[in-house]
Amino acid sequence: MAHACRRLAADGLVIGTAGNVSARAGENEVAVSPTGAVLGELEPEDVTVVDMEGEVVAGDLEPTSELDLHLGVYRRYDAGAVVHTHAPMATALSCVLDELPCVHYQMLLLGGAVPVARYATFGTAELANSVLDALEGRSAALMANHGAITHAGDVHAAVELSLLLEWACTVYWRAAAIGSPRTLDEDQRKAVVSAALKRGYGSTKPAERGTKGDG
Ligand SMILES: [Zn+2]
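None of these values were measured; they are calculated from a predicted model.

*Asks:* What's the story with the pairing of strand 5 (residues 81-85) in this structure? I'm lost.
*Replies:* Successive side chains on a regular strand alternate, one facing one side of the sheet and the next facing the other. A large share of strand 5 lies buried, amounting to five of its five residues. Across the two faces of strand 5 the burial is the same, with Ala81, Val83 and Thr85 and Val82 and His84 all buried. Relative to strand 5, strand 1 (residues 20-24) is paired through four bridges, and the arrangement is antiparallel. Across the sheet, the residue bridging to Val21 is Val83, located in strand 5. In this structure, strand 5 lies alongside strand 9 (residues 147-152), joined through five bridges in antiparallel fashion. Paired with Ala81 across the bridge in strand 9 is Ala152.

*Asks:* Help me out: how do you make sense of the packing of helix 1 (residues 2-10) against helix 5 (residues 155-178) in this one?
*Replies:* A packed helix pair is summarised by two numbers, namely the angle formed by the two axes and the spacing between the axes. The contact between helix 1 and helix 5 brings their axes to 10 Å, and the two run at 15°. Between helix 1 and helix 5, the crossing angle belongs to the class labelled roughly parallel. Considering how the two elements wind past one another, helix 1 and helix 5 form a crossing that is right-handed. Between helix 1, through Ala4, Arg7 and Leu8, and helix 5, the contact on the second element is made entirely by Val155, Val159, Glu160, Ser162 and Leu163. The class makeup of the residues in the contact of helix 1 with helix 5 is five nonpolar, one polar and two charged.

*Asks:* What is the right way to look at the side chain of Ser22 in this model?
*Replies:* Relative to the assigned elements, Ser22 resides in strand 1. For Ser22, a relative accessible area of 0% translates into the label buried. Not counting residues up to four positions away in its chain, the partners in contact with Ser22 are Met1, Val30, Ala31, Val32, His70, Tyr74, Ala81 and Val82.

*Asks:* Please clarify how the nonpolar core should be interpreted in this entry.
*Replies:* Among soluble globular proteins, nonpolar side chains are generally buried collectively. Core analysis: the biggest nonpolar cluster contains 41 residues, and Leu100, Met107, Leu110, Val114, Leu142, Leu165 and Cys169 have the highest contact counts within it. When residues of this core are traced back to their parent elements, those giving at least two are helix 1, strand 1, strand 5, helix 3 (88-94), strand 7 (114-117), strand 8 (140-143), strand 9 and helix 5. Sequence-distant contacts of Met107, that is, excluding residues within four places in its chain, are made with Leu100, Pro101, Cys102, Gly112, Val114 and Ala168. Ranked by size, the runner-up nonpolar core spans 23 residues in total, among them Val73, Tyr77, Ala128 and Leu135.

What counts, and where the lines are drawn
Residues numbered from 1 in each chain as written. Predicted model: local features only at pLDDT ≥ 70, side-chain atom pairs only at ≥ 80, totals over all residues. Heavy atoms only, no water. Buried < 20%, exposed > 50% of the residue type's maximum accessible area, 1.4 Å probe, protein only. Helix = DSSP H or I, 4+ residues; strand = E, 2+ residues; numbered from the N terminus. Pairing = 2+ DSSP bridges. Axes fitted to C-alpha atoms, helices over the stretch in contact; angles between N-to-C directions. Parallel < 35°, antiparallel > 145°, perpendicular 65-115°, else oblique. Left-handed = near helix turned anticlockwise from the far one by under 90°. Contact = heavy atoms within 4.5 Å. Nonpolar A, V, L, I, M, F, W, Y, C, P; charged D, E, K, R; others polar. Core = buried A, V, L, I, M, F, W, Y, C linked by side-chain atoms within 4.5 Å.

Structure representation (structure tokens):
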């Protein structure tokens with residue numbers, strides 16, 4: 001948890017106390033970053049553990065103000081970890097777009113096009129509900145005029161998805177600055193999925209002598 005927070009800060013995805021991270025700790029408990037903490041300086045002893053109702057079961061610090069949002073993701077999507085950031089490019093696009101179009105095949109790891117959840121005040125049930133709806137069938141969403149959220153099986157993977165989302169937002173922003181970005185249609189997206197399954201994309205494997213080539 002603490003390492004994930006410091007990684008997000010080192011990569012510029014969280015600045016100061018903005019953003020929060022959580023990870024499942026066993027069947028019925030969740031470790032969360034505390035409210036008001038500078039994530040780039042988070043230490044393991046700063047992490048708070050809550051139960052699924054949000055009651056603190058371990059730790060000295062009050063949990064993040066977006067606790068209901070995090071717990072909602074665990075309840076509805078059976079996630080292992082949740083990362084919420086105010087990353088610069090994701091937040092900029094969240095002020096303009098209704099959806100981040102699928103402009104690159106790596107975005108399929110996020111679920112394809114990334115929806116933008118409608119705006120509501122931070123920490124409210126209204127915000128949690130709109131973000132949970134936006135995450136239907138996906139592992140990432142933007143939050144209008146606020147930031148971004150990702151979830152995955154563990155905290156390392158959730159951080160990686162947040163980095164990927166910020167990269168995708170940057171690609172889209174640069175492309176949109178010089179023209180109308182093309183998007184991948186359904187056939188192209190399906191072809192990526194079958195190619196990835198065939199090749200085991202994203203994992204290393206032993207070289208076969210006499211072959212070459214890589215996507
Ligand atoms: Zn926030």
